[in-house]
Amino acid sequence: HPFGTDIIGTDYFALVMRGAEQSIMVMLIVGLMGVAIGSAIGAIAGYYGGIVDAILMRVTDMFLVTPTLVIGAVIGFRFGNLGIVPLAVMLGFFAWMGLARFVRTEFLTLREREFVDAARVAGASNRRIIFKHILPNAIGVIIVAGTLLMSGAILTESALSYLGFGVKAPDVSLGLLINEYKDTFSISPWMFWWPGSLIILIALCVNFIGDGLRDAFDPRQRRKISAKERATAKETKSAA
């Protein structure tokens, strides 16, 4: 039992791994839904502007002021016995607003660039301009905002489960484990350490992966200069 056992002798490592599985499932569902909805709304609002932008941003504001934690508590209390998927889908419907605003701002900037004007002159359709020319240049913002959204989803699910509105027994999640064994903290502190540390570790890993993907896929990132190229440039400068 590498993580010890609980008060009735159950392997705590198995419980923590099951809780991590639930949290990662929530992270993936919320991340995919949030990125898809937020990118679509932000791209349309930023590219077309005008009345389309105004309508979509007012809809975004309506969702933005909605207390997600309260709605999640209500949904979890009502449908918590159905499993983690309904809760994850609900969180995904209320997790795209910040990403939509980031994407809209990026599209407002990129649509005025010269390569977009050149694509219009060449006769490219709006759909091709959005997906072929602008979206690849906005992928860095989408990846970073998406990973922040996914790490926030893990924290939200853990908070709901800790409050008793998320995953219900006999299933487990990291937040539920912390809640169930909070009374044993003085005699068995590892009951807090393992699930709490794993929540932080997953959130940090997601953010680090997002930064790496941003550097890999964003075409505007500055290309790294190798040591050989740096030495050649230095020799050329010295010779000049």
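Throughout what follows, the structure given in this document is the object of discussion. (Residues numbered from 1 in each chain as written. Predicted model: local features only at pLDDT ≥ 70, side-chain atom pairs only at ≥ 80, totals over all residues. Heavy atoms only, no water.)

Regarding the packing of aromatic side chains
And step 1. Inspection of the entire model under this criterion finds three aromatic pairs.
And step 2. Between Phe 63 and Phe 94 the ring centres are 5.7 Å apart and the planes differ by 50°, which places this aromatic pair in the tilted class. Here Phe 63 is found in helix H2 (residues 50–64), whereas its partner Phe 94 is found in the loop between helix H4 (84–93) and helix H5 (97–110), with 31 residues between them in sequence.
And step 3. On the accessibility criterion, Phe 63 (28% relative accessible area) is partly exposed.
And step 4. For Phe 94, a relative accessible area of 19% translates into the label buried. (Phe/Tyr/Trp six-rings, centres within 6.5 Å; stacked < 30°, edge-to-face > 60°. Helix = DSSP H or I, 4+ residues; strand = E, 2+ residues; numbered from the N terminus. Buried < 20%, exposed > 50% of the residue type's maximum accessible area, 1.4 Å probe, protein only.)

Section: the nonpolar core
Side chains of nonpolar character tend, in soluble globular proteins, to be buried together.
And step 1. In this structure, Tyr 12, Val 16, Leu 177 and Ile 202 are the most contacted members of the largest nonpolar core, which totals 18 residues.
And step 2. If you list the elements that add at least two residues to this core, you get helix H1 (12–48), helix H7 (126–163), helix H8 (174–180) and helix H9 (190–217).
And step 3. Contact partners of Leu 177, with chain neighbours within four places excluded, come to Tyr 12, Leu 15, Val 16, Val 172 and Pro 195.
And step 4. Within the second largest apolar cluster, 16 residues are counted, among which are Met 33, Phe 94, Val 167 and Leu 176. (Core = buried A, V, L, I, M, F, W, Y, C linked by side-chain atoms within 4.5 Å. Contact = heavy atoms within 4.5 Å.)

Brief notes about the layout of surface pockets
And step 1. If you add up the space inside the largest pocket, you get close to 260 Å³.
And step 2. In this structure, the largest pocket is lined by 17 residues; those nearest its centre are Phe 94, Ala 95, Trp 96, Met 97 and Leu 149.
And step 3. Those elements giving two or more residues to the lining of the largest pocket turn out to be H5 and H7.
And step 4. Take the lining of the largest pocket: its biggest share by element is six residues, from H7. (1 Å grid on protein atoms, 1.4 Å probe; cavity = no way out; pocket = protein on both sides within 12 Å on 5 of 7 lines; lining within 4 Å. Points joined across faces, edges and corners; volume = space filled by probe spheres on them.)

Keep in mind that these numbers describe shape and distance, not what the molecule does.
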